[in-house]
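Tertiary structure, described
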Amino acid sequence: MDEAKLQKKQARKEKEIARLLKEKNKPKFAGYMFLFLFIVTLVYLVDEVSTNIGKFMELDVAASIFGSVAEYNSSSVKELVNTLIMAISGSCMLLRPLADRFGRKIFLFIYTLGMAIGMGAIAVFHNIPGWVVGTLLIQICIPHDMQQVYIQECAPKEKRGTYFSVIKGLATLGLMLVPIFRTVFDVEVNKDNWILVYGGTAAVGLIAVILAVIFMRESDAFVENRLKQLALTDEELARLKKEKSEEAKRGGIIQGLVAVFKHKQLRWITISMCFCMLAYVLTDHYSTIIGLGYLNAHGLALSATNYQLPEISKIVTDALFFYPIGCALVEFLPGVISDKIGRKKASIFFGTGALVFYVLFYFASLKLWDARLTGFFIGAACGSVWSFGDLLLLMISESTATNLRVSTNTSCLLVAGICYAIAGAVINAISAGLGSDNYLGPCIIVTVAVGLTAALITTLLKVKETVGVDLNTASPSLLQRVAGLNGTTAKNIVAFREENGVFTTRRQLLKVAKLGPKAFEQCAGFMRIAESKNVFDNTG
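Rules used in this analysis
Residues numbered from 1 in each chain as written. Predicted model: local features only at pLDDT ≥ 70, side-chain atom pairs only at ≥ 80, totals over all residues. Heavy atoms only, no water. Salt bridge = Lys/Arg side-chain N within 4 Å of Asp/Glu carboxyl O. Helix = DSSP H or I, 4+ residues; strand = E, 2+ residues; numbered from the N terminus. Buried < 20%, exposed > 50% of the residue type's maximum accessible area, 1.4 Å probe, protein only. Polar contact = N/O pair within 3.5 Å; in protein donor to acceptor, adjacent residues only side chain to side chain. Contact = heavy atoms within 4.5 Å. Expected span 1.5 Å × (residues − 1). Patch = residues over 30% accessible without salt bridge, like charges linked within 9 Å, V, L, I, M, F, W, Y side chains within 5 Å. Areas by Shrake-Rupley, 256 points an atom, 1.4 Å probe, with all protein chains shown as cover. Phe/Tyr/Trp six-rings, centres within 6.5 Å; stacked < 30°, edge-to-face > 60°. Disulfide = S-S within 2.5 Å. Axes fitted to C-alpha atoms, helices over the stretch in contact; angles between N-to-C directions. Parallel < 35°, antiparallel > 145°, perpendicular 65-115°, else oblique. Left-handed = near helix turned anticlockwise from the far one by under 90°. Nonpolar A, V, L, I, M, F, W, Y, C, P; charged D, E, K, R; others polar. Core = buried A, V, L, I, M, F, W, Y, C linked by side-chain atoms within 4.5 Å.

Things to note about the pattern of salt bridges
All told, the structure shown has four salt bridges when counted by the stated rule. We note a salt bridge from Asp 370 to Arg 372, for which the minimum N-O separation is 2.9 Å.

See below:
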């Protein structure tokens, strides 16, 4: 590198250091934390609305935009196109690491603005090209969850979990914004006013963007870490890159996939997750199923024109008011319940809940039960299946060595996501190919019922508990539930304990008969030893 380039590089480095030091030394005004939490909650709300508005407004969009090309299967065609958009946008997850180089604030701004512009594009153009562009932009922006990174890095450590739960709960309840706008803009009577709902939510997104630009500070954790990186010499940077390169060789998607399919515990959790993902299909079509229930009950044709009947619009709006309530109530529980009864029992609890609420929702839609009850059922069903999936991912993390944790999580999501995409595409293709949305309901309920049942059976019979157990008091029956152990090794642990006295370190497990290095790697993290001098031996 010649002298001129070195000077430019040094100048850029010094400029960035000066900017970061200025940001670090700038005092926070009184009440900043309150305003910070308000803005993060608002951004989270925009993220939740962007994620769900297409499902909330499915009948309106399908009828208005796709009705002209698919009168009797507009919803199926719309979701088939949406599946292709999701597949294309998935590659944009590779952009997420850029926030580690350029900062959190700029990407919080970009992604929130992208979601707002996406909803605005659908409102302004309200045609197929406009919907495709707007939906693609939304799908590109919603997976990055920069607001979660802000909470992780800026909220007080001792209150981080509480802050996250409260903010997520408020954001979920904020989904009521969509039915409120549906009521304010009288979508029931003026069917073309659905575009104003998109426009209103886009305006909320722009307000969040403006507030974030004016008042949000860069994350303190990012500023500190970036300053440390910039303080390194070229030799230190080269050594750090070499270490990261060597670490990357031990991780990554390929290594994660190998681990997932090689280790029994990870393999069975991933299989459960794939089955669970089949139930996610219903989260794309609940508005349509509500509409189909009304049309079938009254003997009306299943057409794009009838989707916009005032009666159907009112039922959907009333249901959407109670969807966030059911969802928020359920999503508040997983952490509390799983800490008390264990991950496996909690996942079975929420999986069973999802199955029960899905069945109740389906019959409530067919029998025209009170719309508010129908909305609560589908909200609770969606919250339950998402909680089921979250707990399975948590069990993946807890069953994996630290250096492979992100890789195995990503690999599990990749495999399960492919199953979800295939299931959704097949169902929508069948309905679209047969020329009627009437096939959606039966196809979806069968897929959901089979998926959840298979996921529950697999979890119950094949997946082992991942919450830590006391190595010096656990019985063989409890130990054999731990990942990496079976009935024989569990009995051998107890025999070793009775013969040699209590364990004082996890490494002693390697002396147990028939417990090899691979089994040790899987089970050691779940063993607690209160008597150990090593503080890490008492965590699990």
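Some remarks on the environment of Ala 513
Locating Ala 513 in the fold gives a position in the loop between α25 (487–500) and α26 (517–523). Under the relative-accessibility criterion, Ala 513 is labelled partly exposed at 46%. In sequence terms Ala 513 and Asn 492 are 21 residues apart; their C-alpha atoms lie 6.2 Å from each other.

Quick notes on the side chain of Thr 135
Within the secondary structure, Thr 135 is located in helix α7 (residues 128–141). A polar side-chain atom of Thr 135 sits 2.7 Å from the main-chain carbonyl oxygen of Trp 131. Excluding residues that lie within four positions of it along the chain, Thr 135 makes contacts with Asn 82, Ile 85 and Ile 122.

Some points on the side chain of Ser 272
Looking at the element boundaries, Ser 272 is found in helix α15 (residues 264–279). Ser 272 sits in the buried class, given a relative accessible area of 0%. If we skip the residues at most four places from it in the chain, Ser 272 touches Leu 392, Ala 455, Thr 458, Thr 459 and Val 463.

Comments concerning helix α16 (residues 286–297)
With 12 residues, α16 should cover 16 Å at 1.5 Å per step; its first-to-last C-alpha distance of 17 Å lies within 8% of that length. Of the positions making up α16, those classed as buried are Tyr 286, Ser 287, Thr 288, Ile 289, Ile 290, Gly 291, Leu 292, Gly 293, Tyr 294 and Leu 295. Within two residues after α16, Gly 299 carries a phi angle of roughly 65 degrees, on the positive side.

What to know about a nonpolar patch on the surface
Judged by side-chain polarity, Leu 414, Ile 418, Ile 422, Val 426, Ile 430, Leu 434 and Tyr 439 come together as a nonpolar surface patch covering roughly 620 Å² of accessible area. Along the chain, Ile 422 turns up in helix α22 (residues 405–434).

What to know about the packing of aromatic side chains
For any two aromatic rings, the description comes down to two numbers: the centre-to-centre distance and the angle of the planes. This model, assessed by the stated rule, comprises 15 aromatic pairs. A ring pair is formed by Phe 36 and Tyr 150, whose centres lie 6.0 Å apart and whose planes are at 50 degrees; its orientation type is tilted. Taken as a pair, Phe 36 in helix α2 (residues 32–56) and Tyr 150 in helix α8 (residues 146–154) lie far apart in primary sequence, 114 residues in all. Each of the two residues, Phe 36 as well as Tyr 150, counts as buried.

Details of the state of the cysteines
With the rule as written, the count across this model stands at zero disulfides. With no disulfide partner, Cys 276 has as its closest neighbouring cysteine sulfur the one in Cys 412, 9.7 Å distant. Cys 276 sits in the buried class, given a relative accessible area of 0%.

Considering helix α11 (residues 194–215)
Between its first and last C-alpha atoms α11 spans 32 Å; for 22 residues at 1.5 Å apiece the expected length is 32 Å, and the two agree. For α11, every residue scored as buried is listed here: Trp 194, Val 197, Tyr 198, Gly 200, Thr 201, Ala 202, Val 204, Gly 205, Ala 208, Val 209 and Ala 212. Here the buried face of α11 lies against α2, α3 (58–66), α6 (104–125) and α10 (177–184).

Side note on the packing of α2 against α8
One way to put it is that α2 packs onto α8 with a least axis distance of 9 Å and a crossing angle of 155 degrees. Classed by the angle they form, the pair α2 and α8 counts as roughly antiparallel. Here α2 and α8 pass one another in a crossing that is left-handed. Contacts between α2 and α8 involve Met 33, Phe 36, Val 40, Val 43, Tyr 44 and Asp 47 from the first element and Gln 147, Gln 148, Tyr 150, Ile 151 and Cys 154 from the second. The class makeup of the residues in the contact of α2 with α8 is eight nonpolar, two polar and one charged.

Thoughts on the nonpolar core
If you look at the biggest cluster of nonpolar residues, it comprises 116 residues, and the most contacted ones within it are Met 57, Tyr 198, Tyr 323, Tyr 358, Ile 378 and Val 385. Counting 22 residues, the second-largest nonpolar core is a separate cluster that includes Leu 479, Leu 485, Phe 496 and Met 527.

Notes on unusual backbone geometry
Its identity is not glycine, yet His 126 carries a phi of approximately 30 degrees, on the positive side. By secondary structure assignment, the location of His 126 is in the loop between α6 and α7. Judged by relative accessible area, which is 38%, His 126 ranks as partly exposed. The phi dihedral of Lys 514 is positive, around 65 degrees, even though this residue is not glycine. Position of Lys 514 relative to the elements: it lies in the loop between α25 and α26. Assessed through its relative accessible area of 70%, Lys 514 is described here as exposed.

Points about the packing of helix α1 (residues 3–25) against helix α12 (residues 220–230)
Any two packed helices are characterised by the angle at which their axes cross and by the distance between the axes. Between α1 and α12, the shortest axis-to-axis distance is 10 Å and the interhelical angle comes to 150 degrees. Relative to α12, α1 is oriented roughly antiparallel. Every pair of crossing elements has a handedness; the one defined by α1 and α12 is left-handed. Contact residues: α1 offers Lys 13, Glu 16, Ile 17, Leu 20, Leu 21, Glu 23 and Lys 24, while α12 offers Phe 222, Val 223, Glu 224, Arg 226, Leu 227 and Leu 230. Grouping the constituent residues of the contact of α1 with α12 by class yields seven nonpolar, no polar and six charged.

These results come straight from atomic positions and should not be treated as a statement about function.
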